[in-house]
Amino acid sequence: MSDAQQTSLEDQILAAVNSVDYRPVTQAILARSLDIKKKALPEFREALSMLMDAGKLRQDKQGRVRPRGSTGLVSGVLRKISSGAAFVIPAERSKDAKDSKDGDIYVSARDVRDAQTGDEVMVRVTEKRRSGGQRCGVIEKVVDRATSVFVGTYFESGDQGFVRVDGTVFGAAIHVGDPGAKGARPDDKVVIEMLRFPTANRIGEAVLTEVLGQRGDPGIDTMTVVHSMGLPFEFSEAVLQDARRQADAFDDTKLQGRTDLTAETIVTIDPIDARDFDDAISLSRSEDGHWHLGVHIADVAHFVPSGSKLDQEAQKRGTSVYLPRHVIPMLPELISNGLASLQQGQIRFTKTALIEFDASGAVVGTDVANSAIRVTRRFAYEEVMPILNQPNESFENVTPEVRRLLQRMFELAMLLRRRRFEQGALQMGIPEVAIDFDKDGAVSGAHTRHHDQSHEIIEEFMLAANLAVASLLESRGVPFLRRIHGAPDELKMRNFQQFCQGLGLTLKKSQDRREIQELIRSVEGKPEERAVNFALLRSMQQAVYSPEDTGHYALAEEDYCHFTSPIRRYPDLTVHRLIGQIAAKKMPSPQSIPELIQLGKHCSITERRAEKAERELIRIKLLRYMSERIGEEMDAIITGVESFGMFCQGIEIPAEGMIHLSSLSDDFYVFDQATRRLTGSRTHREFRLGDPIRVMVAAVDIDRRQLDLRVADSSQSGSGRKKARAAASGERRHLVHPPGKKRRGPEKPVNHRSGRKSKAATKKSKRGRKR
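All of these numbers come straight from a predicted model, not from anything done at the bench.

## With respect to the packing of helix α9 (residues 381-389) against helix α11 (residues 453-475)
As a packed pair, α9 and α11 sit with axes 8 Å apart at the nearest point and diverge in direction by 105°. Here α9 lies roughly perpendicular to α11, going by the angle between them. Contact with α9, carried on its side by Y381, V384, M385 and L388, involves Q453, S454, H455, I457 and I458 of α11 and no other residues of that element. Among the residues forming the contact of α9 with α11, the class breakdown is six nonpolar, three polar and no charged.

Set out below in structure tokens:
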């Protein structure tokens, strides 16, 4: 290869890796994304090696190619704190980063400039250090804004209009010009778009784009979250018209090219209030003891052709958003709740995964089909276990065939479940509380979410179908959008190991799934259960969508994808199109690797956005509920421990608030980061992650999304602690996803009166170091 060609290839690689939407991938995937032919791979590897030798690129420990930051600058995401200062969380952490010296970079309020929480920034690290050696820096550039649209409360002052933005992202109100824009009245909730972001010395300016209505009115909270999160809401007329065309063309008597399964005994099991039914089950057992499982998934791909208006809208949304008392669907209801929904007694088109297991539960064969089914019986989860637990009782509209099917389903599902855990899969369980709402959408109470073995039956069969489909696509060499879950960070798991040791528990190998699962089982039903589960969840990475074949850590599987919910998840729809082509004996036509990388990133972002929107609206409604209960006490669980205080979540009503360190007036408390605990220097009183605690509601600020709590006097007594612990026990467990962003703040022993490091705390920490 000539020098010019070599330089051109290096430029091509650098352009790809340094692009804004690049996500670190292995050399093989990078080569495919650049359409490097097989014969050109040696030159590609040589060019890559030269770039790494030159310090322009690097490889991480997973073998993924990453860009190096500009000389003297560090890229990362900014998180502001209440003082106006901020921390930059580096995009690349040093492998040997063990403390704040190599961790987050502190930026004083005057050096933040106009960067805001969530912005991707470039920070110049200075020679200055904070106490403890933490690096300091100055923001040089905002690379990418998290958002420029905000929601807040309108007010007027001095013949000018202002908006106090919800949350704590801005310390001061934003100027929106002359009063009364868009007909806004004081105390209205409004939407604004920033023209000039505020700095420490300059007020922010924005244009008022929409008036939502009076603060606190029914429906305003929902619209506040919709606009602040940038959620697509209404469907355009073009999209609705496309859905109508699909409805007009649908004919359930034309089954050409489909396997007719309408005579099979098939059931659905869903929540009692479900409206879209996208999965159904059939199951038989042959004389050789083999199981023959049919997982039938709504054939959304039939109604949403690639590139159509419906497809474009579904891809943009990425997922359905489930808010309290309201769903923002990925597809119009004509499709999601009608044509594609597997309703009882109706012929519906499906994609079927046919999986054969031997008597031990091992997969011995997989096939797929474009099919048509007619659901024999629809069940709510609550109906299933009484039928299984009372074999001699008769139940309305439950035929002997359906009863036998349920019994087979239970037997196989429990077999698969035992086998999964024996092979190292993890189950991280914490109690889940569902909130009750009145007719106006206000919180009226809460209840433990129903979760029993009927849920586990469906969970196991959906997992089995996802695994079978991923293995099939992998065996065909077809690139597809996987669901991947990386191994947890070694440093975080070492901290988790130390945390467990502080509880008197042993975890010899912090990265060993079997040891972790044994640890989880060993604390089940014990006082340490919540603490261990909370700490473990904080240590795990989040699962994402990507074409990379890096496996799924929590499931202990190499190949995994989402196939079972195409009504509400776009990645499932892309997999359906490939499966449909294989079922029709056609050559699959997958998207290119670059397209899949970009799509995976987009779908991961929309998934997180949907989860965040649900949490945000629930938080607002819980804050309204708590605002009427100032001074009342409740039992809670410590969900986070930081040097500045503790985060606690109520047990009966899952409102989360903060106990600030300054309110703990009985002692000086020292924060231990590894074990996530605060310890009194004099009394040795401890507050640990996962501990039960009795708290009092001290103050509520709905607009700032803040709930201030205090330790109740009763919790300091033995009877108070016993009552809180009793309230925390005996609740149901459920499968949960890894946690999101962790809270950040200063990390050192603090004198709660002065904010400085106390002498007692200093002595305590020194004694700890000597030991």
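## Here's the deal with the sheet that holds strand β3 (residues 64-67)
Pairing in this open sheet of three strands is antiparallel, and the strands run β1-β3-β2 from one edge to the other. Across the chains shown, the open sheet's two edge strands, defined by having one partner strand only, are β1 (25-26) and β2 (57-59). Where β1 and β3 come together, two bridges link them in antiparallel fashion. Each bridged residue has a counterpart across the sheet, and for V25 the counterpart in β3 is V65. Against the sheet, helix α3 (residues 41-53) contacts β2 and β3, and its axis sits at roughly 105° relative to β2.

## Let's talk about helix α4 (residues 220-228)
What sets the pattern is the α-helix's 3.6 residues per turn: residues three or four places apart point alike. Within α4, burial applies to I220, D221, T222, T224, V225 and V226. Elements that come into contact with the buried residues of α4 comprise β9 (149-157), β12 (188-196), β13 (205-214), β18 (321-323), β19 (326-328) and α16 (593-627). Looking at the residues trailing α4, positive phi occurs at G230, about 65°.

## Some points on the pairing of strand β28 (residues 645-650)
Of all the six residues making up β28, five are buried; the element is thus mostly covered by neighbouring parts of the structure. Note: strand β27 (residues 633-642) against β28, six bridges, orientation antiparallel. Note on β28: the bridge partner recorded for V641 is M646. Between the end of β27 and the start of β28, which pair antiparallel, lie two residues. Bridge count for β28 against strand β29 (residues 656-660) is five bridges, and the pairing is antiparallel.

Cut-offs used in this document
- Residues numbered from 1 in each chain as written.
- Predicted model: local features only at pLDDT ≥ 70, side-chain atom pairs only at ≥ 80, totals over all residues.
- Heavy atoms only, no water.
- Axes fitted to C-alpha atoms, helices over the stretch in contact; angles between N-to-C directions.
- Helix = DSSP H or I, 4+ residues; strand = E, 2+ residues; numbered from the N terminus.
- Parallel < 35°, antiparallel > 145°, perpendicular 65-115°, else oblique.
- Contact = heavy atoms within 4.5 Å.
- Nonpolar A, V, L, I, M, F, W, Y, C, P; charged D, E, K, R; others polar.
- Pairing = 2+ DSSP bridges.
- Buried < 20%, exposed > 50% of the residue type's maximum accessible area, 1.4 Å probe, protein only.

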